[in-house]
Amino acid sequence: MLDGLREIIATAFLIVGVFFYFSGALGLLRFPDVYNRIHAATKTSTIGVVAILLSGVVALGIQPVSVKAVVIILFLLLTYPVAGHLLARAAYRTGVVLTDRTLRDEYGPALELEEIEEVEDGPEEKEGA
Amino acid sequence: MIPFTYAMIALAGVIPIVLYRFVRGPSIPDRVVALEALVSIVMALLVLNSYIQGSSVYIDAALVLSIFGFISTVAIAKYLVRGDLFA
């Protein structure tokens, strides 16, 4: 009885993981912009890997494999958003163009303001030192 | 029996779509994103293989691969912004 329930939950996790991988690949294929593609790929990869790892944890119970799977889940939940953010930041700062359908761009004006402040602050710091 | 093998086959079907984006580009961050997605797919394949065999050998490789994927993405992003890694 309990084993049957376990198999059902593990299979459900597996299906969710594969579905998210497919939707992420679809976004990577069809979205018009680097930023949209980063958004699609990082989120879906996170959920896909975590769901597939959890399916094994549910199926196998407490074993060395499932403990390592939990460690991988924690590491991925910490690192994937950071990697996506850094990549989008690098793309914007190297001048990758946004798509025509963009409605609002708030990072561009903020970046210009930051550069102006850096230029103004630069000489003062040298005089102080 | 839990269908780990079918999940592996389905994930192998995702790889060509990601490779298309990797080859096509057009910008460098596009290729990096595709590569990151590819790394995560290979990681899932290793994990599933480890579950099928019940051994913890392949899942170690998946752990190392996840660490290398993160570090390489951060390094490429920093290189793109600064033009130098250790500046």
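Model, not experiment: these values are computed from the prediction.

This part covers the interface of chain B and chain A. Facing the 45 residues of chain B at the interface are 42 residues of chain A. Interface area, chain B with chain A, both sides summed: about 3,700 Å², of which 80% is carbon and sulfur. Among the salt bridges present, the one from B:Asp60 reaches A:Lys68, with a minimum N-O distance of 3.1 Å. Counting every contact that joins chain B to chain A gives seven residue pairs in polar contact (both at pLDDT 80 or more). At the level of elements, α1 (4-24), α2 (28-53) and α3 (57-82) of chain B are the ones that each hand at least two residues to the side of chain B that touches chain A. At 15 residues, the largest contribution of residues to the side of chain B that touches chain A is made by α2(B). Of the residues belonging to the side of chain B that touches chain A, the class tally is 32 nonpolar, nine polar and four charged.

With that settled, the discussion passes to the confidence of the model for chain B. For chain B, per-residue confidence averages 90 on the pLDDT scale, and residues scoring 70 or more make up 99% of the total. Predicted complex metrics record ipTM = 0.88 and pTM = 0.87.

Residue and element names in this part refer to chain B. A grouping of Leu-19, Phe-22, Val-23 and Leu-35 is seen on the molecular surface, where their side chains present a nonpolar patch of about 330 Å² in accessible area. Per-element tally for the nonpolar patch: the top contributor is α1, with three residues. Residue classification places Leu-19 among the partly exposed positions, given a relative accessible area of 37%.

Criteria and thresholds
- Residues numbered from 1 in each chain as written.
- Chains lettered and ligands numbered in written order.
- Predicted model: local features only at pLDDT ≥ 70, side-chain atom pairs only at ≥ 80, totals over all residues.
- Heavy atoms only, no water.
- Contact = heavy atoms within 4.5 Å.
- Buried area = accessible area lost by both parts, 1.4 Å probe.
- Salt bridge = Lys/Arg side-chain N within 4 Å of Asp/Glu carboxyl O.
- Polar contact = N/O pair within 3.5 Å; in protein donor to acceptor, adjacent residues only side chain to side chain.
- Helix = DSSP H or I, 4+ residues; strand = E, 2+ residues; numbered from the N terminus.
- Nonpolar A, V, L, I, M, F, W, Y, C, P; charged D, E, K, R; others polar.
- pLDDT = per-residue confidence, 0-100.
- Patch = residues over 30% accessible without salt bridge, like charges linked within 9 Å, V, L, I, M, F, W, Y side chains within 5 Å.
- Areas by Shrake-Rupley, 256 points an atom, 1.4 Å probe, with all protein chains shown as cover.
- Buried < 20%, exposed > 50% of the residue type's maximum accessible area, 1.4 Å probe, protein only.

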